[in-house]
Amino acid sequence: GGKPALKDDPDYAKYFKMLKMGLPKDVVKHAMTRDGMDADVLDGDHNKPVGAGENSVALKDDPQYDKYFKMLKLGLPLGAVKNAMERDGEDPTVMDGDHKAPAKGGNIIEPKKNK
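All residue numbers here refer to positions counted from 1 along the written sequence of the relevant chain. Local features in this predicted model are restricted to residues of pLDDT 70 or higher, and side-chain atom pairs are both shown and tallied only at a pLDDT of 80 or more, whereas totals for entire chains, interfaces and linings draw on every residue. Side-chain measures were taken over the full set of non-hydrogen atoms in the model, leaving aside hydrogen atoms and water.

### Topic: the confidence of the model for the protein
Note the cut-off: A score from 0 to 100, pLDDT tells how confident the predictor is in each residue. A run of DSSP states H or I qualifies as a helix once it reaches four residues; a run of E qualifies as a strand once it reaches two. Both are numbered from the N-terminal end. We call two residues in contact whenever any of their non-hydrogen atoms come within 4.5 Å of each other.
Mean pLDDT over the protein works out to 79, with 80% of the residues at or above the 70 mark. Confidence scores differ between elements of the protein, with helix 3 (residues 66-73) showing the lowest mean pLDDT of 90 and helix 4 (residues 78-87) the highest of 93. Low pLDDT (under 50) marks residues 105-111, which in the prediction has 13 contacts with non-local residues, meaning those over four places away or in another chain.

See below:
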């Protein structure tokens, strides 16, 4: 379970209803801003989840995580791959999610400093 596509996200349903009724995008964006929502999501792909961004790629296709998926393909256990990710300063919990969904941004953790 990742997030639903933007157009199917219940948080944004009323704004898509406004668009369907023929209201101009600028008017809908103003309503979103008034409601404290991020109006810029309307400029993105409505078939992707909120926060997926324009250039988001599936986790398994993300070059940043390429080597970890190679390790999995070679038959290494997920635990070993996660240890390698942690060693490299990546967030190993991204592997717990949907590999077809984009990696969540900003999940880079600091490598452990050896004292």
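There is more to say after this.
### Considerations on the nonpolar core
Heads up, the rule is: By nonpolar core we mean a set of buried residues, namely Ala, Val, Leu, Ile, Met, Phe, Trp, Tyr and Cys, connected to one another through side-chain atoms within 4.5 Å. Each residue is assigned to one of three classes by its accessible area relative to the maximum for its type, calculated with a 1.4 Å probe on protein chains only: buried under 20%, partly exposed between the two thresholds, exposed over 50%.
In this structure, Leu6, Tyr12, Tyr15, Phe16, Met18, Val28, Ala31, Met32, Ala39, Val41 and Leu42 together form the largest nonpolar core, which totals 11 residues. Sorting the residues of this core by element identifies helix 1 (13-20) and helix 2 (25-34) as the ones contributing at least two each. Among the nonpolar cores identified, the runner-up in size contains 10 residues, and Tyr65, Val81, Met85 and Met95 belong to it.

### Notes on the packing of helix 3 against helix 4
Stated precisely, the cut-off is as follows: Between N-to-C directions, angles span 0 to 180 degrees; the directions come from axes that are lines fitted to C-alpha atoms, helices contributing only their stretch in contact. Reported orientations rely on four angle classes, namely roughly parallel under 35 degrees, roughly antiparallel over 145, roughly perpendicular from 65 to 115, and oblique for the rest. By the definition used in this description, the sense in which the near helix is turned from the far one sets the handedness, with an anticlockwise turn below a right angle giving left-handed and a clockwise turn giving right-handed.
At a minimum axis separation of 9 Å, helix 3 and helix 4 run at an interaxial angle of 155°. With respect to helix 4, the axis of helix 3 lies roughly antiparallel. Considering how the two elements wind past one another, helix 3 and helix 4 form a crossing that is right-handed. Residue-level inspection shows Tyr68, Met71 and Leu72 of helix 3 in contact with helix 4, the latter providing Leu78, Val81, Ala84 and Met85.

### What about the packing of helix 1 against helix 2?
It is at 9 Å that the axes of helix 1 and helix 2 come closest, and there the two elements cross at 160°. Classed by the angle they form, the pair helix 1 and helix 2 counts as roughly antiparallel. The element helix 1 and its partner helix 2 pack so that their crossing is right-handed. Only Lys25, Val28, Ala31 and Met32 of helix 2 make contact with helix 1, whose side of the interface consists of Tyr15, Met18 and Leu19.

### Things to note about the packing of aromatic side chains
Describing an aromatic ring pair means giving the distance of the ring centres and the angle of the ring planes. Going by this rule: A pair of Phe, Tyr and Trp rings is counted when the ring centres sit within 6.5 Å of each other, with Trp represented by its six-membered ring. The angle between the planes then sorts it: under 30 degrees is stacked, over 60 is edge-to-face, the rest tilted.
Across all of its chains, the model carries 2 aromatic pairs by this definition. An angle of 55° between the planes, with centres 6.4 Å apart, marks the rings of tyrosine 12 and tyrosine 15 as tilted. Note on tyrosine 15: relative accessible area 3%, which makes it buried. Where tyrosine 65 meets tyrosine 68, the ring centres are 6.4 Å apart and the plane angle is 50°; that geometry is what we call tilted. Accessibility classification places tyrosine 65 together with tyrosine 68 in one group, the buried group.

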